[in-house]
Amino acid sequence: MKENYIVEMLNIRKEFPGVVANDDITIQLKQGEILALLGENGAGKSTLMSILFGLFHLDKGIIKVKGKEVRISDPNDANNLGIGMVHQHFQLVHNFTVTENIILGMEGSKVLKIKEASKKIKQISTQYGLDIDPDKKIEDISVGMQQRVEILKMLYRNAEVLIFDEPTAVLTPQEIIDLIQIMRNLIAEGKSIILITHKLKEIKAVADRCTVIRRGKVIGTVNVKETSEAKMAEMMVGREVTFTVDKEASNPGKVILEIKNLSVLNTQKTLGLKDFSLAVRAGEIVGLAGVDGNGQTELVEAITGLRKVESGSILLNDKDLSHVSIRERHESGLSHIPEDRHKHGLVLEFTIAENMVLKEFYHAPFSKNGFLNPEEIKKHADKIISLFDVRSGKGNATLAKNLSGGNQQKAIVGREVSSNPEFLIAVQPTRGLDVGAIEYIHKRLIEQRDSGKAVLLVSLELDEILDLSDRIAVINHGELIDLVEAGETNENEVGLMMAGIKRGEGQ
Ligand SMILES: Nc1ncnc2c1ncn2[C@@H]1O[C@H](COP(=O)(O)OP(=O)(O)O)[C@@H](O)[C@H]1O
Ligand SMILES: [Mg+2]
């Protein structure tokens, strides 16, 4: 029997300088299904979908829509063929309303009456359970709602095939549940969906079939119901993936980092961190658990020197760092894997080589008599690239912006660890990464612990905190709620503490 495919991409090839992003890829989307596109960072998923949406041109291959070969030269062609895409980074004008954003760029939009558009938007919103107010400004609605505006934009243009590129990366757990429901509504109304994700749980929750891509090639297409998460993970990374972190019991030594009665202002100029005390010893990982926005940022920025300390102190090996420069902190043995890879981690327009010496370039062997030594700088980068498996097209000359997220993070971890710090603060070290990269980064953090470093792990992922930490500190409203041995607590208890309920309190 001939399958009823709505979109087929056959034998697609796309090269970028030094990388074959798509190598003979074939995917077929059935009418009315959710097809997941699974692959590690840099596997080629966004490239493939950008070709389908007309943002990139293919080097080789054929695209068919409803069995007919088509040419897609730009997003307009894609729209006309009923193909819409929600990008990883939304493309909305912040001081425009929902309606203005949706009709923006559409032909005839000048004569189109805002009122009529607004009415149609309301109707679509109700039909698909989107719950959107067309008159609100984008800057006044949540990220989850902004994503729904992007969905509405596709539906307004009568898209039948909807592409979602990593849609849940920016969402809270509740928003993810809502989005999954919206996808089901879309399918019930006759749409077809391609969902890019590296989260196996989500694929299990909504997708019918899953095509796995690794390093630009299709590994296989599976029926999701009949395939385990472990099997899909293995197809994705090319080897078995352990979901639990293997580690020996810790063997903590002396206190390396000591935070004493620390108070720090937040951006509203009230106390974001209040009288906070915590010690991290050599050879242990202390995890800081908490709901986003409970003082973690203030603590991290105070420790790393990005924010002023109001009162209290931060000691590293008994040396007071509370008011010294970022450079002096680094030279005293502090390393920092920052939350925002792009703002504080890497200079995106610099090469990997340059990025690997951002904090060290001014001294030997990278500089001599005020002159940089490019050979030593490249050698240093090559060592990190091979030790930390940083994959890129042009080795140490690759610009940081051309690395995938996972490889950017491996490079940062490599740089921070290679300075051989005594204290390492890792903030959301695996956010947005796929399982292979997460496993890799977790192993490196445990290695740091086992080599006697003091590690403070700040993460919004409770699973990550529970898997990696030896002790868990819980923060709520800027205060330390409790500090417990990881082996003596569980998800429920830490969850309660995150809500501000101390151990033994409540029931
Ligand atoms: N505009 C571009 N220029 C050069 N290389 C690119 C560009 N976009 C993507 N790449 C490279 O192509 C490969 C695939 O990237 P991408 O499709 O973004 O992967 P994914 O979405 O699966 O994470 C990566 O090696 C990436 O560095
Ligand atoms: Mg991508």
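Residues numbered from 1 in each chain as written. Chains lettered and ligands numbered in written order. Predicted model: local features only at pLDDT ≥ 70, side-chain atom pairs only at ≥ 80, totals over all residues. Heavy atoms only, no water.

(A) Main features of the sheet that holds strand β22 (residues 479-485). Here we have six strands laid out as an open sheet, ordered β16-β19-β20-β13-β21-β22, and mixed in their pairing. One side of each edge strand has no neighbouring strand; the edge strands of this open sheet are β16 (334-337) and β22. In this sheet, adjacent strand axes meet at a mean angle of 20° when their direction is disregarded. Alignment of β16 against strand β19 (residues 423-427), held across four bridges, turns out to be parallel. Bridge pairing links His336 to Ile425 in β19. Taken strand by strand, helix α9 (residues 296-304) contacts β13 (284-289), β16, β19, β20 (454-458) and β21 (471-476), and its axis lies near 145° from that of β19. (Pairing = 2+ DSSP bridges. Helix = DSSP H or I, 4+ residues; strand = E, 2+ residues; numbered from the N terminus. Axes fitted to C-alpha atoms, helices over the stretch in contact; angles between N-to-C directions. Contact = heavy atoms within 4.5 Å.)

(B) Representation of the pattern of salt bridges in the model. The final tally for this structure, using the stated rule, is 23 salt bridges. Between Lys66 and Glu160 there is a salt bridge, and its shortest N-O distance comes to 3.4 Å. Taken together, the residues Lys66 in the loop between β4 (60-65) and β5 (68-70) and Glu160 in the loop between α5 (143-156) and β7 (161-165) connect sequence positions 94 residues apart. Among the residues examined, Glu160 registers a relative accessible area of 31% and is labelled partly exposed. In this structure, the salt-bridge partner of Glu150 is Lys153, at a minimum N-O distance of 3.5 Å. Of this pair, Glu150 and Lys153 both sit in helix α5, three residues apart, which is roughly one turn of that helix. As far as burial versus exposure is concerned, Glu150 and Lys153 are alike and both buried. Among the ionic contacts, a cluster of salt bridges with common partners joins Arg13, Glu15, Asp23 and Lys217. (Salt bridge = Lys/Arg side-chain N within 4 Å of Asp/Glu carboxyl O. Buried < 20%, exposed > 50% of the residue type's maximum accessible area, 1.4 Å probe, protein only.)

(C) Main features of the layout of surface pockets. One number sums up the size of the second largest pocket: a volume of about 390 Å³. Ile326, Arg327, His330, His344 and Lys359 are, among the 19 residues lining the second largest pocket, the residues nearest its centre. Listing elements by their share of the lining of the second largest pocket, those giving two or more residues are α10 (326-331), β16, α11 (341-345) and α14 (405-418). Its residues assigned to classes, the lining of the second largest pocket shows seven nonpolar, six polar and six charged. The two domains that each donate at least three residues to the lining of the second largest pocket are domain 2 (253-333 + 422-507) and domain 3 (346-420). (1 Å grid on protein atoms, 1.4 Å probe; cavity = no way out; pocket = protein on both sides within 12 Å on 5 of 7 lines; lining within 4 Å. Points joined across faces, edges and corners; volume = space filled by probe spheres on them. Nonpolar A, V, L, I, M, F, W, Y, C, P; charged D, E, K, R; others polar. Domains from an automatic or database assignment.)

(D) Fine view of the packing of α14 against helix α15 (residues 435-450). At a minimum axis separation of 11 Å, α14 and α15 run at an interaxial angle of 10°. If you check the angle between α14 and α15, you find them roughly parallel. Taking contact as the criterion, the partners of Gln409, Lys410, Val413 and Val417 in α14 are, on α15, Tyr440, Ile441, Arg444 and Gln448. Considering only residue class, the contact of α14 with α15 consists of four nonpolar, two polar and two charged. (Parallel < 35°, antiparallel > 145°, perpendicular 65-115°, else oblique.)

(E) Just the packing of aromatic side chains, in detail. Using the criterion set out here, one finds two aromatic pairs in the structure. Where Phe16 meets Phe56, the ring centres are 5.3 Å apart and the plane angle is 75°; that geometry is what we call edge-to-face. Within this pair, whereas Phe16 is found in strand β1 (residues 5-16), its partner Phe56 is found in the loop between α1 (45-52) and β4, the two being separated by 40 residues in sequence. Overall, Phe16 belongs to the partly exposed group, its relative accessible area being 28%. On the basis of an interplanar angle of 90° and a centroid distance of 5.7 Å, the ring pair of Phe361 and Tyr362 is categorised as edge-to-face. Between Lys120 and the ring centre of Tyr156, over which it is positioned, the NZ or CZ distance is 4.2 Å. (Phe/Tyr/Trp six-rings, centres within 6.5 Å; stacked < 30°, edge-to-face > 60°. Lys NZ or Arg CZ within 6 Å of the ring centre and 35° of its normal.)

(F) Molecular detail of the site of ligand 1. Residues in close proximity to ligand 1 include Phe16, Val19, Ala21, Glu40, Asn41, Gly42, Ala43, Gly44, Lys45, Ser46, Thr47 and Asn402, which together make up its full environment. Note that an oxygen atom of ligand 1 is positioned 2.9 Å from one of the backbone N or O atoms of Gly44. One nitrogen or oxygen atom from the side chain of Ser46 is found 2.9 Å from an oxygen atom belonging to ligand 1. Taken by itself ligand 1 offers 550 Å² of open surface, and the protein chains cover 72% of this. (Near = heavy atom within 4 Å. Polar contact = N/O pair within 3.5 Å; in protein donor to acceptor, adjacent residues only side chain to side chain. Areas by Shrake-Rupley, 256 points an atom, 1.4 Å probe, with all protein chains shown as cover.)

(G) Inspection of the nonpolar core at higher detail. Grouped together as the largest cluster of nonpolar side chains are 49 residues, with contacts concentrated most on Ile151, Phe164, Leu186 and Cys210. In this structure, Ala400, Leu457, Ile481 and Met497 belong to the second largest nonpolar core, which totals 42 residues. (Core = buried A, V, L, I, M, F, W, Y, C linked by side-chain atoms within 4.5 Å.)

(H) Up close: the domain arrangement of the protein chain. Taken domain by domain, the protein chain holds domain 1 (5-237), domain 2 (253-333 + 422-507) and domain 3 (346-420). Between the C-alpha centres of domain 2 and domain 3 there is a distance of 26 Å. The interface is formed by 14 residues belonging to domain 2 together with 16 residues belonging to domain 3. Both sides of the domain 2 and domain 3 interface together cover about 1200 Å² of buried area, and 62% of this is carbon and sulfur. Of all residues in domain 2, Arg327, His330 and Tyr440 bury the most surface against domain 3, accounting for 40% of the area lost on that side. (Buried area = accessible area lost by both parts, 1.4 Å probe.)

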